[in-house]
Amino acid sequence: TLLLVFVLAVGLVLATALPMFMPREELNATIEENFAHVQKRIDTFQNPEEASTDDTYQITQSMIAIGSGGLTGLGLGEGRQKYNYLPESHNDFVFAIIGEELGFIGTISVILLFVAFLIFGISIAMRAATPFAAVLASGYTMLIVVQAFLNIGVTTRLLPTTGISLPFFSYGGSSAVCLYFGFGL
């Protein structure tokens with residue numbers, strides 16, 4: 001294990017030091033090229049009135065879905081936004097469909113489920129037999145809860161679009177398997 005820690009430390013030092021040896025212009029160009037989409041998402045979030053309708057289409061349709069749900073929603077399976085209006089409605093924006101079909105009561109229920117998950121996860125971590133088990137339980141709990149609240153924040157236009165799915169609700173293969181594995185641990 002000591003060898004593994006050493007190899008990881010050397011790799012981290014090399015990865016951190018490598019950009020210092022690149023020419024400044026090349027480093028800036030690489031960063032701008034690799035993260036241009038991130039800057040565009042942040043600019044769109046900060047100034048939606050200046051962004052094109054293509055850039056704000058998904059979040060606008062999300063807000064329409066949530067708003068049309070009202071207090072009790074249109075009914076399970078009765079939502080309209082998922083039919084070619086809201087892209088990625090089965091994955092990144094499933095919370096908007098929950099809001100449309102189950103309304104304010106449904107969205108609050110989902111949020112309360114994640115709060116309960118947080119409380120139970122921290123409770124389990126505090127009663128863990130070993131420090132490793134405590135870190136494992138609290139780490140997976142926070143991973144799932146933070147991911148859920150990031151997704152909810154994006155769907156309700158509180159955060160810039162990230163592409164993060166809603167745990168236990170979004171469609172997905174490998175993501176769901178990893179989340180269920182973590183939940184089981």
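Please refer to the structure placed before this passage.
Since the structure is predicted, the reported quantities are computational estimates derived from the model, not experimental observations.

Explain the nonpolar core to me, please; I cannot follow it from the model alone.
In globular proteins that are soluble, nonpolar side chains generally tend to be buried together. Core analysis: the largest hydrophobic core is formed by 12 residues, namely Val94, Phe95, Ile98, Val110, Phe114, Phe117, Ile144, Val145, Ala148, Ile152, Leu166 and Leu179. Those elements that provide at least two residues to this core are helix H5 (94-126) and helix H6 (131-155). The element that contributes the greatest number of residues to this core is H5, accounting for six residues. Ile59, Leu86, Phe93 and Ala96 belong to the second largest nonpolar core, which has seven residues in total.

Would you mind showing me how to read a nonpolar patch on the surface here?
On the surface, a cluster of nonpolar side chains totalling about 510 Å² of accessible area is made up of Leu3, Phe6, Val7, Val10 and Leu14. Assignment of secondary structure puts valine 7 in helix H1 (residues 2-17). By relative accessible area, which is 48% here, valine 7 ends up partly exposed.

Would you explain the packing of H6 against helix H7 (residues 174-184) in this entry?
Packed helices, taken two at a time, are described by their axes: the angle between them and the distance between them. Remark: H6 packs on H7, axes separated minimally by 9 Å, with the N-to-C direction vectors making an angle of 135 degrees. When the axes of H6 and H7 are compared, the pair comes out oblique. Handedness of the H6/H7 crossing: left-handed. The residues of H7 that touch H6, namely those facing Tyr140, Ile144 and Gln147, are Leu179, Phe181, Gly182 and Phe183.

I keep staring at the packing of aromatic side chains and nothing clicks. Help me out?
Each aromatic ring pair is specified by the distance between its two centres and by the angle formed by the two planes. Per the stated rule, a full pass over the model turns up two aromatic pairs. Every member of this aromatic cluster is reached through a ring pair, and the members are Phe117, Phe168 and Tyr180.

Help me understand the environment of threonine 72 in this model?
Within the fold, threonine 72 resides in the loop between helix H4 (53-69) and H5. For threonine 72, a relative accessible area of 54% puts it in the exposed group. When the C-alpha positions of threonine 72 and threonine 162 are compared, they lie 28 Å apart, and in sequence the two are 90 residues distant. Those residues in contact with threonine 72, other than ones at most four positions away along the chain, are Glu101, Leu102, Gly103 and Ile105.

Any chance you could explain the side chain of serine 62 here in plain terms?
Considering the arrangement of structural elements, one finds serine 62 in helix H4. With relative accessibility at 0%, the residue serine 62 sits in the buried group. Non-local contacts of serine 62, meaning those with residues more than four positions away in its chain, are made with Leu86, Phe93, Ala96 and Thr155.

What's the story with the environment of asparagine 151 in this structure? I'm lost.
Looking at the element boundaries, asparagine 151 is found in helix H6. Relative accessible area serves as the criterion here: at 1%, asparagine 151 is assigned to the buried category. With 56 residues separating them in the primary sequence, asparagine 151 and phenylalanine 95 have C-alpha atoms 7.8 Å apart. If we ignore the near neighbours within four places in the chain, the residues touching asparagine 151 are Asn91, Asp92, Phe95, Ile164, Ser165 and Leu166.

Parameters at a glance
Residues numbered from 1 in each chain as written. Predicted model: local features only at pLDDT ≥ 70, side-chain atom pairs only at ≥ 80, totals over all residues. Heavy atoms only, no water. Core = buried A, V, L, I, M, F, W, Y, C linked by side-chain atoms within 4.5 Å. Buried < 20%, exposed > 50% of the residue type's maximum accessible area, 1.4 Å probe, protein only. Helix = DSSP H or I, 4+ residues; strand = E, 2+ residues; numbered from the N terminus. Patch = residues over 30% accessible without salt bridge, like charges linked within 9 Å, V, L, I, M, F, W, Y side chains within 5 Å. Areas by Shrake-Rupley, 256 points an atom, 1.4 Å probe, with all protein chains shown as cover. Salt bridge = Lys/Arg side-chain N within 4 Å of Asp/Glu carboxyl O. Axes fitted to C-alpha atoms, helices over the stretch in contact; angles between N-to-C directions. Parallel < 35°, antiparallel > 145°, perpendicular 65-115°, else oblique. Left-handed = near helix turned anticlockwise from the far one by under 90°. Contact = heavy atoms within 4.5 Å. Phe/Tyr/Trp six-rings, centres within 6.5 Å; stacked < 30°, edge-to-face > 60°.

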